[in-house]
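# Per-entry structural report
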Amino acid sequence: MTSPISTEKHGHVLIISSNNPPVNSLGHAVREGLVKGIEEAEADEGVAAVVIIGEGQTFFAGADISEFGTPKAFAPPMLPQVVDIIENCSKPVVAAIHGTALGGGLEVALACHYRVAVPSAKLGVPEVKLGLLPGAGGTQRLPRVAGVQKALEMTTSGTPIGAKEACDIGLVDRLYPEHLLQHAVAYATEVAEVRPLPRSSERQDKIAEADPAVFDEFIKSNPRTFKGFEAPMKNLEAVRVATQKPYAEGVLEERKLFMELMSGTQAKAQQYFFFAERKASKIDGIPEDTKPREIKRVGVIGAGTMGGGISMNFLSAGIPVTIVEMNQDALDRGTGVMLKNYQASAAKGKLTAEQVGQAMGLLKPTLNFDDLAECDLIIEAVFEQMDIKKDIFGRLDKVAKPGAILASNTSYLNIDEIASATSRPQDVLGLHFFSPANIMKLLEVVRGAKTAPDVLVTAMALAKKIRKVAVVAGVCYGFIGNRMLIPRQTEATKLLLEGATPAQIDKVHVDFGMPMGPFQMADLAGVDIGWHRDPTRIENIRDALCAVDRWGQKKGAGFYDYDEKRRPSPSPKVQEIIDDFRAKAGVTPREITDQEIMERTLYTMVNEGAKILEEGMAQRASDIDVVWVYGYGWPVYRGGPMFWADTEGAAKIVEGLRRQEERMGSDFSFSKLLLDKAEKAEKFTAR
Ligand code: 3HC
C-alpha cells in the first residue's frame, strides 16, 4: 500500500506532505509516514529544515476516530511518540496550516518548532466533544504556548479559534494569505540556522506567570461546561498539571487521564454520536448520483414565530425569502420580530450591522399569495390543522412553478394526506423545524409515500447549507421526536395522579441530564398547545390548568408558579387541582420512587423508539438519537435514547417495563423489536 505521506526536497527544505482525504486524520499509516519523514530529514545532510503540510482541504483534523477501540489505535508509533520525535528533530520543523488543525493535528503543530498559517485556518482541541482530552501532549504544550487561560478555554469547550487570534496569542508565528507552501519553505530557510530550537515542551514563560487561583475561578464562572460531563474537568486537571510539573511528568499524567476517559461510557457515547450525526444525512435506497434541485428563492407561508424563525435560516445563508401573510398587521409584526432577533444577535457581537442589513434586504414580505410563484421551495408554517393545511396546499398547487418543492412544517400531521391536496405529491415533503427555528439545529425531513428522491436529496443538502442537522423520518403521528414524547407525557401525567409531584418527575429528568423535565417543558412550550379552548370542558389536569389561565411561563403560571424573573416554584394551586382529580378518580396516593418515574417515562421512550424502528419510520437507531440530542437536549454523554438503551441493556429495559406494565395499562404495549433485542442480547446501535 502506498503511504499517505510523501516527501520532496526544495533546496535545503524537506517538505513532508500528507494526503489522507477527506480530513487528513492521523491514522496509523500517517503516523508511520510522519516518523519516516523526520528520520529522512535527520539522515540527509542536505536538509536544513522541514515543512509539514496537508494536501487537499486541510492540515490534520485530528486522530483517526474510527481507529479508536481497535488495535490500530495502539499500533506504534502512537501519536504521543510521533509528536516527541517531531519536537526532538535536530532541524527546525515548520507546520504549514490551512483548513483545520484540530486535536492531534494541533498537537503535531505544537510539536513543530514554528507554525505558519493562512488567515482562514482554524486551530483547536475538540477532544472534549468526544469525551476525551488532547492525549498527545496537547494539554502540556498548549498552555506553555498559548497561556493557561486560553488553554483552559480551548480544551474545556473544544471550540477552535481563528488563525488571526492564534497569531495574536503566539500560537501561530506568521500568517500568509496565499501561497502557503512557498512562504512556509521560505520561512523554514530563514530559521534553518536558529539554535537552540524553540521547543514548546521546554517553555516556562507562560506557565510560570499563571495564578493558581485561575482554575477554581474558571470552574466557578463556567458551571454549564462541567455539568454532567466528565471530560471538561479532566481537561482542566491536565492543564493544571502543566503548571505544576515538568513536561516529562505532565505527559504521563495526561496519558493516565486520557485512558481513564477513553475507557468510560461518556467517551463511547460521544464518539458514537460523532458518527451518528454524520450518518444521519445519508438516505437509504437513493442512488448516490441523485442531483439536488436548485433552490434560488424560498417561500414561507405564515410570519408567526415558526415562519419567521424558518425564514431567518435562509436569509442568514444568503438565500432570498418571500414571506406571505394574510394581513398587514401580522406581516409587520412578523418581520419586526425577525429584525429584533437579528439586532439582538448584533448587540451580542455575533453579527455586524451590515450583515443584519444584508439578511433583512433578502426578505420580501407580501400579502399576495401569487408571489410564491417565483419560489423554488415553499414552506407552509400555519396553524396545525389538517383542513387549513390542505386548503393551502391546494392553492399552492395552482400557484407554484413546476418542479417547486412544497413543504409543510407540521409537527404531527400526515404528510401524505397533505400531499393528496395537490396534483404533485412527488414534490411534497415535511420539513419539521424545531422552535426557536433560527436556533435549534434539528430538522426532521418527513418522507411521504410519493416524495421523489431528488426532493429528499435537495432537503438534505439545503439543511447542510443552513447549518441544520437533518434526519429523515417516515409518516407517522409526531414523526420521530414528538412521537416519543407521547408515552413520556402520558405516563408523567398519570404519575401525578398516583402521587408524584411535577417537581419530583422533572427532577428525575434533570438529574438524568435533560435540560428540563416534562412539566417544565410543557410550561415553556405552552400548556395550551393543542388544548380544545373550551374552559367548561375539563377532562384532565391539563384542561383544568388551561381553564384557569395557567398556560405556562407566558402567563406566569402553569404546572409551576413563576416570579417576575420567570423563576419557578411549586404551586399549591396545581397541587389542589391534582388532589381534586385524584379524589374524583378514587385514587389513593402512594409513594412513587425515582426508579418508577425512570421506568415509566424513559424506558417507555425507548420502547417507542424501538417501535419507530421496527415500523421503518426511522432509518437507523442512531437517527433517533440525533433527533433527541439536537431536538430535545438529550445529554450527548448518554449518546441518545437508543444508545442509552444499549448501555442499560435491552433485557433490563424489558424487565423494568414488565414491572410497570399493569400500572400503565392499555396505554402501553411492548415493541416486538425491543423484546427481540432483549432475548438475543443484541444492541440497537452499532458503530
Ligand atoms: N477521524 C476519522 N474520520 C473523520 C475525522 C476524524 N478525526 N474527522 C472527520 N472524519 C470523517 C467524517 O466522519 C466524514 O466521513 P463521511 O464522509 O464518511 O461521513 C468525513 O470525514 C468528513 O467529515 P465532515 O462531514 O465532518 O466534514 P466537514 O467538512 O463538515 O468538517 C471537520 C470537517 C471540521 C474536520 C470535522 O469533520 C471535525 O470536526 N472532525 C473531528 C475533529 C476532531 O474531533 N479531532 C480530534 C480527534 S481526537 C484526537 O485527535 C485525539 C488526540 O488528542 C490523541
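Since the model is a prediction, treat every value here as computed from it, not as a measurement. (Residues numbered from 1 in each chain as written. Predicted model: local features only at pLDDT ≥ 70, side-chain atom pairs only at ≥ 80, totals over all residues. Heavy atoms only, no water.)

On to the overall build of the chain, then. What the chain contains, in helices and strands, is 30 helices and 19 strands. In terms of C-alpha radius of gyration, the chain reaches 28 Å, essentially the compact-globule figure of 26 Å for 687 residues. Projected onto its principal axes, the C-alpha coordinates of the chain cover approximately 90 × 60 × 50 Å. Contacts in the chain between residues at least 24 apart in sequence constitute 73% of all its contacts with a sequence separation of at least 6. Of the accessible surface of the chain, which amounts to about 29,800 Å², a share of 54% is contributed by carbon and sulfur atoms. The average position of the 81 basic charges and that of the 90 acidic charges among the side chains of the chain differ by 1 Å. (Helix = DSSP H or I, 4+ residues; strand = E, 2+ residues; numbered from the N terminus. Rg over C-alpha atoms; globule rule 2.2 N^0.38 Å. Contact = heavy atoms within 4.5 Å. Areas by Shrake-Rupley, 256 points an atom, 1.4 Å probe, with all protein chains shown as cover. Lys, Arg positive; Asp, Glu negative; His and termini not counted. Charge placed at Lys NZ, Arg CZ, Asp CG, Glu CD.)

The next subject is the domain arrangement of the chain. It is common to give the size of an interface as the accessible area that goes away when the parts come together. As far as domains go, the chain holds domain 1 (5-263), domain 2 (298-477) and domain 3 (500-589). On a C-alpha basis, the centroid separation for the pair domain 1 and domain 3 is 51 Å. (Domains from an automatic or database assignment.)

Tallied over the entire structure, the rule returns 49 salt bridges. Salt-bridge contacts for Arg658 lead to Glu661; the nearest nitrogen and oxygen are separated by 3.9 Å. Of this pair, Arg658 and Glu661 both sit in helix H29 (residues 650-664), 3 residues apart, which is roughly one turn of the helix. Residue classification places Glu661 among the partly exposed positions, given a relative accessible area of 33%. (Salt bridge = Lys/Arg side-chain N within 4 Å of Asp/Glu carboxyl O. Buried < 20%, exposed > 50% of the residue type's maximum accessible area, 1.4 Å probe, protein only.)

Attention now moves to the state of the cysteines. A complete count under the given rule lists 0 disulfides for this structure. Left without a disulfide partner, Cys167 is nearest to the cysteine sulfur of Cys112, which lies 16 Å away. The partly exposed category is assigned to Cys167, whose relative accessible area is 26%. (Disulfide = S-S within 2.5 Å.)

Relative to the helices and strands, Asp64 resides in the loop between strand E3 (49-54) and helix H2 (71-74). Buried and unpaired, Asp64 has no salt bridge, with Lys72 as the nearest side chain of opposite charge at 6.9 Å. There is a polar contact of 2.6 Å between the side chain of Asp64 and the side chain of Ser66. Ignoring any residue separated from it by four or fewer positions in sequence, one finds Asp64 in contact with Ser25, Leu26 and Gly27. (Polar contact = N/O pair within 3.5 Å; in protein donor to acceptor, adjacent residues only side chain to side chain.)

Another point: helix H10 (residues 214-221). In an α-helix, one turn spans 3.6 residues, which is why side chains three or four residues apart end up on the same side. Taken together, the buried positions of H10 are Val214, Phe215 and Phe218. Take H10 and look down its axis: the buried residues cluster within an arc of 100°, on one side only. (Arc of directions from axis to C-beta.)

In the vicinity of the ligand, 22 residues are found, and the nearest of them are Ala63, Gly104, Glu107, Glu127 and Arg278. The side chain of Glu127 places a nitrogen or oxygen atom 2.5 Å from an oxygen atom of the ligand. Alone, the ligand offers 990 Å² of accessible surface; in the complex the protein occludes 72% of this. Taken together, the residues that form the shell around the ligand break down as 12 nonpolar, 5 polar and 5 charged. (Near = heavy atom within 4 Å. Nonpolar A, V, L, I, M, F, W, Y, C, P; charged D, E, K, R; others polar.)

It is worth spelling out the pairing of strand E17 (residues 469-473) at this point. Taken across its 5 residues, E17 has 5 buried, putting it largely inside the fold. This β-α-β element, strand E16 (residues 442-446) to helix H20 (residues 453-465) to E17, shows right-handed connectivity. (Right-handed = clockwise from strand over helix to strand, strands pointing away.)

Taking 1.5 Å as the rise per residue, H20 with 13 residues should run 18 Å; its terminal C-alpha atoms sit 19 Å apart, in good agreement. For H20, the secondary structure elements touched by its buried residues are helix H15 (305-316), strand E13 (377-380), strand E14 (405-408), strand E15 (428-433), E16 and E17. With its phi angle positive at about 60°, Arg467 sits one or two positions after the end of H20. (Expected span 1.5 Å × (residues − 1).)

With respect to the helices and strands, Val298 occurs in strand E10 (residues 298-301). With 11 residues separating them in the primary sequence, Val298 and Gly309 have C-alpha atoms 13 Å apart.

Glancing now at the packing of helix H6 (residues 148-157) against helix H12 (residues 231-244). Interaxial distance between H6 and H12 falls to 9 Å at its minimum, and their mutual angle equals 155°. Classified by the angle between their axes, H6 and H12 sit roughly antiparallel to one another. In the crossing of H6 with H12, the sense of the turn from one axis to the other is right-handed. Judged by residue contacts, Val148, Ala151, Leu152, Thr155 and Thr156 of H6 engage Pro232, Asn235, Leu236, Val239 and Thr243 from H12. Each residue belonging to the contact of H6 with H12 can be placed in one class, and the counts come to 6 nonpolar, 4 polar and no charged. (Axes fitted to C-alpha atoms, helices over the stretch in contact; angles between N-to-C directions. Parallel < 35°, antiparallel > 145°, perpendicular 65-115°, else oblique. Left-handed = near helix turned anticlockwise from the far one by under 90°.)

This part is about the packing of aromatic side chains. Across all of its chains, the model carries 18 aromatic pairs by this definition. Ring centres 5.0 Å apart and planes at 80° place the aromatic pair Phe668 and Phe670 in the edge-to-face group. Members of the aromatic cluster, each reached through a chain of ring pairs, are Phe434, Phe512, Tyr603, Trp628, Tyr632, Trp634 and Trp644. Cation over ring: Arg278 sits above Phe274, and NZ or CZ is 3.7 Å from the ring centre. Its end group placed over the ring of Phe512, Arg638 keeps NZ or CZ at 4.1 Å from the ring centre. (Phe/Tyr/Trp six-rings, centres within 6.5 Å; stacked < 30°, edge-to-face > 60°. Lys NZ or Arg CZ within 6 Å of the ring centre and 35° of its normal.)

Attention now moves to the sheet that holds strand E9 (residues 174-175). Taken together, the 6 strands give an open sheet; going across it, the order is E1-E2-E3-E4-E6-E9, and neighbouring strands pair in mixed fashion. Edge positions in the sheet fall to strand E1 (5-10) and E9, since each of these pairs with one other strand and no more. For E1 and strand E2 (residues 13-18), the ladder comprises 6 bridges, and the chain directions are antiparallel. The partner of Lys9 across the bridge, within E2, is Leu14. Here helix H8 (residues 180-191) sits on the sheet and contacts E1, E2, E3, strand E4 (93-97), strand E6 (114-117) and E9; the angle it forms with E3, its principal contact strand, is near 160°. (Pairing = 2+ DSSP bridges.)

The general pattern is negative phi for most residues beyond glycine and trans for most peptide bonds. Residue Pro22 follows Pro21 across a cis peptide bond; omega there is 5°. Looking at the element boundaries, Pro22 is found in the loop between E2 and helix H1 (28-43). Residue Pro196 follows Arg195 across a cis peptide bond; omega there is -5°. With respect to the element layout, Pro196 can be found in the loop between H8 and helix H9 (205-208). A positive phi is found at Phe479, a non-glycine position, where the angle reads about 55°. Unusually for a residue other than glycine, Ala681 sits at a positive phi of about 55°. Accessibility expressed as a relative area gives 70% for Ala681, which makes it exposed.

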